[in-house]
Amino acid sequence: MLKPDSESPPNEITVNIAMAGLLWRDRTGRSVSDEEIIGLVSKFGECGVFPSVVRLTQLITKLCRTGKSDRAWDVIHNVMKLGGDVQAPSCNALLAGLGRQQNFQKMNKLLAEMKENGIQPDIITFGILVNHLCKFRRVDEALEVFEKMSGERESDDGFSVKPDTILYNTLIDGLCKVGRQEQGLGLLEKMKLEQGCAPTTATYNCLIDGFCKSGEIGRAHELFDQMNKEGVPPNVITLNTLVDGMCKHGRINSAMEFFNEMQGKGLKGNAVTYTALINAFCNANNIDKAMQLFNEMSKAECSPDAIVYYTLISGLTQAGKLDDASFVATVMKKAGFCLDIMSYNILIGGFCSKNKLDEAYEMLKEMEQAGVKPDGITYNTLISYFSENGDFMTAHRVMREMISDRLVPTVVTYGALIHAYCLVGKLDEAMKIFRDMSSGLRVPPNTVIYNILVDALCKNRKVEVALSLMDDMKDKGVRPNTNTFNAMLKGLKEINWLEKAFELMDQMTEHACNPDYITMEILTDWLSAVGETEKLRSFVQGYEVSASTA
DNA sequence: ATAGGGTTAG
């Protein structure tokens, strides 16, 4: 390694050349550890020689990318301490690293230290801060940074860096992603008033998406009209955002109409457009139309990608058309795509639900040949299939395979077994698994697990045991939901334990568990039969009884 | 900086 005390005195060039080599590998091809490079920087630094801004930034970036942002922090501080010239790009690299770790405390600290050390942050610095805050939905803090950067607050912590279009777009997107699109509109007006911050297609796309996601399709469409009027050209993302928004809010026909209208105007769709539409038609049980759109793609010179294939395979599987689904999988492979784990899982689940175990095994074999490892969901699907069919031996065997495959059974794995044992009336086995998972196996049961058991216990007239499970939930901090109470109330109705039912109704109110139509079905008959309609009336008061069919 | 699929237990 180069030493500061070699014949010629070290200078910036020496350290840069040394680092340039060492960041990758040294002359002999030996890989050099990060610590050696850090040591080098430190050694040179003590002689007053520092890497260039570019080299230092490269080192910081590398450290952050390999999860060593703590060391990156040390390096920056060391260079500062030794009097080296640290500039914004190096700090930005560290900020980005800290941002990926959601370490906002340190990000703020770094910003403060930049100010202390006279390092002028740039627009990128604030871009990183705002971007990461928005990504983790901390939009109010992002807005604070935004106000601080331009020094609008007239306080001494302003930085007088002017925001640009990208920063505005980031903020608007952040606001829209948390449902604050109205506030996003406010920023749109603000940026129009500023120099060099003209709204772009992306600005409108973010806003349109915000209104689409909140179901305000009309407002979204108004924005679309507005951007056209202002001469901001819509692009395929604008098109897709609106098409998807319409599809997701039950307006498939409007979506098709809009798509056709745009195509007529020369704005072509792409695979994303077709995914939205195919997905919508599958969900609306219109497989024919979905297939038709799929076939139209090649004519429109828009070849399907893996997601389009997945969407179709998933839709066909859900419609029970397994033959068609595996045919599409074949076409997909012929087109040069590989099925991913989700596609395999969908197909395996589909074959299991059709009781076609041979085909399911064939898929397993195929995925092994394709080098796609089964994951927890694959195993859970199989465990669920075998348990549901009463083959508990095989179910347990598959679970052991799962474990030897270094996968951890989850609450869903145990849930499948518990549910199946309950269905065949083997409550003892179910309770045994429940106790195992919560004690030794360290898989905390959730509401679903408790609901399966409470329901089964009540159906088997073991109401007292079910009640004790509800106490257990309380102890463990697992929140009951409407289904829990429904199961319990049904059990209480069977044995006509009225006082306990009243108690539970009060608890429902306390837990803000809205009664649904099942609750009402149980209570209406029962309470009117025993002349307690008044109690029922006061119970439903203040609730919107949901008409769900779940 | 902006658009699409998210599969397993009640």
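Nothing here was measured: the structure is a model prediction, and the numbers come from that model.

Novice: Now, about the overall build of chain A: what can you tell me, with residues and values included?
Specialist: From N to C terminus, chain A includes 30 helices and zero strands. For a compact globule of 550 residues, the expected C-alpha radius of gyration is about 24 Å, and chain A comes in at 31 Å, more than 25% above that figure. Principal-axis analysis of the C-alpha atoms places the extent of chain A at approximately 95 × 60 × 60 Å. Split into buried and exposed, the 550 residues of chain A put 46% on the buried side. The long-range fraction of contacts in chain A, counting pairs at least 24 apart against all pairs at least 6 apart in sequence, stands at 61%.

Novice: Tell me about the layout of surface pockets, residues and numbers included.
Specialist: Within this model, the largest pocket holds a volume of roughly 330 Å³. Lining the largest pocket we find 17 residues, and of these Leu364, Glu368, Pro374, Tyr379 and Glu401 sit closest to its centre. Of all the secondary structure elements, the ones that give two or more residues to the lining of the largest pocket are helix H20 (357-369), helix H21 (376-388) and helix H22 (392-404). The element contributing the most residues to the lining of the largest pocket is H20, with five residues. Here the lining of the largest pocket is composed, by residue class, of nine nonpolar, two polar and six charged.

Novice: Give me the lowdown on unusual backbone geometry, citing residues and values where you can.
Specialist: Unusually for a residue other than glycine, asparagine 355 sits at a positive phi of about 60 degrees. Counting through the fold element by element, asparagine 355 comes out in the loop between helix H19 (341-353) and H20.

Novice: Please set out the pattern of salt bridges residue by residue, giving values where relevant.
Specialist: Applying the stated rule across the entire model yields 25 salt bridges. One salt bridge in this structure joins glutamate 494 and arginine 461, with 3.7 Å as the shortest N-O distance. Taken together, the residues span a long stretch of sequence, with glutamate 494 in helix H27 (residues 482-494) and arginine 461 in the loop between helix H25 (447-459) and helix H26 (463-476) at a distance of 33 residues. On the basis of relative accessible area, glutamate 494 is assigned to the exposed category, the value being 53%. Accessibility expressed as a relative area gives 53% for arginine 461, which makes it exposed.

Novice: Let's hear about the protein's contact with DNA strand B: which residues, and what values?
Specialist: Around DNA strand B there are 44 residues in total, and Asn169, Asn205, Asn240, Asn380 and His419 lie nearest to it. Among the atoms of DNA strand B close to the protein, meaning within 4 Å, 41% are from sugar or phosphate groups. One of the side-chain N or O atoms of asparagine 345 is found 3.0 Å from a base oxygen in DNA strand B. Residue histidine 419 places a side-chain N or O atom 3.0 Å away from a phosphate oxygen belonging to DNA strand B. Of the residues contributing to the surface near DNA strand B, the split by class is 17 nonpolar, 20 polar and seven charged.

Novice: Before we move on, can you summarise the environment of leucine 441 with the specific residues and values?
Specialist: Looking at the element boundaries, leucine 441 is found in the loop between helix H24 (427-438) and H25. Each C-alpha atom of the pair leucine 441 and threonine 410 lies 9.6 Å from the other, and the pair is 31 residues apart in sequence. Ignoring sequence-local partners within four residues, the contact set of leucine 441 consists of Tyr414 and Asp436.

Novice: Describe the side chain of threonine 241, listing the residues and the values that go with them.
Specialist: Within the fold, threonine 241 resides in helix H13 (residues 236-248). Threonine 241 has contacts with Asn205, Ile208, Asp209 and Cys212, leaving out every residue within four places of it along the chain.

Novice: How would you explain helix H4 (residues 69-81) if you had to name every residue and give the values?
Specialist: In a regular helix each residue adds 1.5 Å, so 13 residues correspond to 18 Å; H4 covers 18 Å between its end C-alpha atoms and thus fits that length. Those residues of H4 not exposed but buried are Ser69, Ala72, Trp73, Val75, Ile76, Val79 and Met80. Each buried residue of H4 sits inside an arc of 160 degrees when the element is viewed along its axis, so together they form one side. Looking at the buried residues of H4, the elements they touch are helix H2 (34-46), helix H3 (53-65), helix H5 (88-100) and helix H6 (104-116). Glycine 83 lies just past H4 and shows a positive phi near 90 degrees.

Novice: So what's going on with helix H10 (residues 181-193)? Which residues, and what values?
Specialist: Since the α-helix turns once every 3.6 residues, residues separated by three or four places project in the same direction. The end-to-end C-alpha distance of H10, which contains 13 residues, comes to 19 Å, matching closely the 18 Å that a straight helix rising 1.5 Å per residue would cover. Listed in full, the buried residues belonging to H10 are Gln181, Gly184, Leu185, Leu187, Leu188 and Met191. All buried residues of H10 project into a common sector of 160 degrees when viewed along the axis, lining one side. Each element contacted by the buried residues of H10 is listed here: helix H8 (139-149), helix H9 (165-177), helix H11 (201-213) and helix H12 (217-229).

Novice: Provide a residue-level description of a negative patch on the surface, including the pertinent values.
Specialist: The grouping of Asp323, Asp324, Asp358, Glu359 and Glu362 at the surface amounts to a negative patch. Only helix H18 (322-334) and H20 provide two or more residues apiece to the negative patch. A per-element tally of the negative patch places H20 first, with three residues. Tracing the sequence through the fold places aspartate 358 in helix H20.

Novice: Before we move on, can you summarise the packing of H12 against H13 with the specific residues and values?
Specialist: Across the interface, H12 lies against H13 with an axial gap of 10 Å and an inter-helix angle of 160 degrees. Judged by the inter-axis angle, H12 sits roughly antiparallel to H13. The interaxial crossing formed by H12 with H13 has left-handed handedness. Contacts from Ile217, Ala220, His221, Phe224 and Met227 of H12 reach H13 at Thr238, Leu242, Gly245 and Met246. A per-class count over the contact of H12 with H13 returns six nonpolar, three polar and no charged.

Thresholds, definitions, all that
- Residues numbered from 1 in each chain as written.
- Chains lettered and ligands numbered in written order.
- Predicted model: local features only at pLDDT ≥ 70, side-chain atom pairs only at ≥ 80, totals over all residues.
- Heavy atoms only, no water.
- Helix = DSSP H or I, 4+ residues; strand = E, 2+ residues; numbered from the N terminus.
- Rg over C-alpha atoms; globule rule 2.2 N^0.38 Å.
- Buried < 20%, exposed > 50% of the residue type's maximum accessible area, 1.4 Å probe, protein only.
- Contact = heavy atoms within 4.5 Å.
- 1 Å grid on protein atoms, 1.4 Å probe; cavity = no way out; pocket = protein on both sides within 12 Å on 5 of 7 lines; lining within 4 Å.
- Points joined across faces, edges and corners; volume = space filled by probe spheres on them.
- Nonpolar A, V, L, I, M, F, W, Y, C, P; charged D, E, K, R; others polar.
- Salt bridge = Lys/Arg side-chain N within 4 Å of Asp/Glu carboxyl O.
- Near = heavy atom within 4 Å.
- Polar contact = N/O pair within 3.5 Å; in protein donor to acceptor, adjacent residues only side chain to side chain.
- Expected span 1.5 Å × (residues − 1).
- Arc of directions from axis to C-beta.
- Patch = residues over 30% accessible without salt bridge, like charges linked within 9 Å, V, L, I, M, F, W, Y side chains within 5 Å.
- Areas by Shrake-Rupley, 256 points an atom, 1.4 Å probe, with all protein chains shown as cover.
- Lys, Arg positive; Asp, Glu negative; His and termini not counted.
- Charge placed at Lys NZ, Arg CZ, Asp CG, Glu CD.
- Axes fitted to C-alpha atoms, helices over the stretch in contact; angles between N-to-C directions.
- Parallel < 35°, antiparallel > 145°, perpendicular 65-115°, else oblique.
- Left-handed = near helix turned anticlockwise from the far one by under 90°.

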